Amino acid sequence: MSGIGTTIRRHRGLGLGLTAWLAGIVFFLPIAWMALTSFHSEADAATNPPSFGAALTLDGYREFFGSGGGASPWPSLINSTVASVASTVCVLLLALPAAYALSVRRVRKWTDVLFFFLSTKMLPVVAGLLPIYLFAKNTGMLDNIWFLVILYTSMNLPIAVWMMQSFLAEVPVAVIEAAQIDGARLPTVLARVVAPIALPGIAATALICFIFSWNELLFARVLTGVVAETAPVFLTGFITSQGLFLAKVCAASLVISLPVLAAGFAAQDKLVQGLSLGAVK
């Protein structure tokens, strides 16, 4: 009977492994297709079915970087970097003490507070677009990158507090109490005791907030123009009603996706540890 059970478990593990590989391939195929199309000419990229054996070229990347006389993508990439990094730093600075008050030194009705934070994400984004646009217009903040930083911070803060609350709940209270007995104040406790222990969870939260900010399009499209244009908005400028643009759009999409992919690859260990830490609770 033990041999049969071992065989069943082996076949079950093999089936789960094959399923995971198939799911990974399915999710990877669109990215591989986009990468291959970016190295084709516009004529080959527009063929249906796709021409997999077509000659490879870098024309799409040359046009994206403005070699053909088009606009340079660097200002938009810099704006996206500033908005994403600055908003992520602001979110972490605000979410860490808030999560501490909701997990370690819990305030009264802390569960109601958490659900209130989460309820703010239930409002459709389009519903808040007009009021935010009118506010930015009346305050002279249209086409201002720092207004996007404030906006992205407020958008990502609820989910960051929710995530970090579960991470900080795993921090041993005895360690915090020992630091307080030694005379450490709250900023010192957060910076030198809580943050190092919850570093994987903080890294996971930072990565998710960075991705959300980098990929945001709707508000950036409406609230920015030339000065504060972000990379996703710059990408939509390649899509026209006339002419061929598929190879150039694929090249631009791949380049704009690289910072997110690089950040995810660099923080993958912390991301897995952080998500596992939250799942334990």
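Residues numbered from 1 in each chain as written. Predicted model: local features only at pLDDT ≥ 70, side-chain atom pairs only at ≥ 80, totals over all residues. Heavy atoms only, no water.

(A) Geometry of the overall build of the chain. Scanning the chain for helices and strands turns up 14 helices and zero strands. Seen in sequence order, the chain has helices and strands lined up from the N terminus as α-α-α-α-α-α-α-α-α-α-α-α-α-α. Over its C-alpha atoms the chain spans a radius of gyration of 24 Å, topping by over 25% the 19 Å that the globule rule assigns to 281 residues. Counting every position in the chain, which comprises 281 residues, the buried fraction comes to 34%. A sequence separation of at least 24 residues applies to 76% of the contacts in the chain between residues at least 6 apart. Entry remark: accessible area of the chain is about 16200 Å², with carbon and sulfur atoms responsible for 71%. (Helix = DSSP H or I, 4+ residues; strand = E, 2+ residues; numbered from the N terminus. Rg over C-alpha atoms; globule rule 2.2 N^0.38 Å. Buried < 20%, exposed > 50% of the residue type's maximum accessible area, 1.4 Å probe, protein only. Contact = heavy atoms within 4.5 Å. Areas by Shrake-Rupley, 256 points an atom, 1.4 Å probe, with all protein chains shown as cover.)

(B) Representation of helix H9 (residues 186–197) in the model. The end-to-end C-alpha distance of H9 is 15 Å, a good match for the 16 Å that 12 residues give at a rise of 1.5 Å each. Here H9 has its buried residues at Val189, Leu190, Val193, Val194 and Ala195. Check the buried side of H9 and you find it contacts helix H4 (74–103), helix H7 (145–168), helix H8 (173–181) and helix H10 (199–215). (Expected span 1.5 Å × (residues − 1).)

(C) Just the pattern of salt bridges, in detail. What the rule picks out here adds up to two salt bridges. The shortest N-O distance in the salt bridge between Asp59 and Arg62 comes to 2.8 Å. A residue pair is termed a helical-turn pair when its members lie 3 or 4 positions apart in one helix, as Asp59 and Arg62 do in helix H3 (residues 59–64) at three residues. Residue Asp59 is classed as partly exposed on the basis of its relative accessible area of 35%. Glu63 is paired through a salt bridge with Lys248; the nearest N and O atoms lie 3.6 Å apart. Of this pair, Glu63 sits in helix H3 while Lys248 is found in helix H13 (residues 246–266), placing the two residues 185 residues apart along the sequence. (Salt bridge = Lys/Arg side-chain N within 4 Å of Asp/Glu carboxyl O.)

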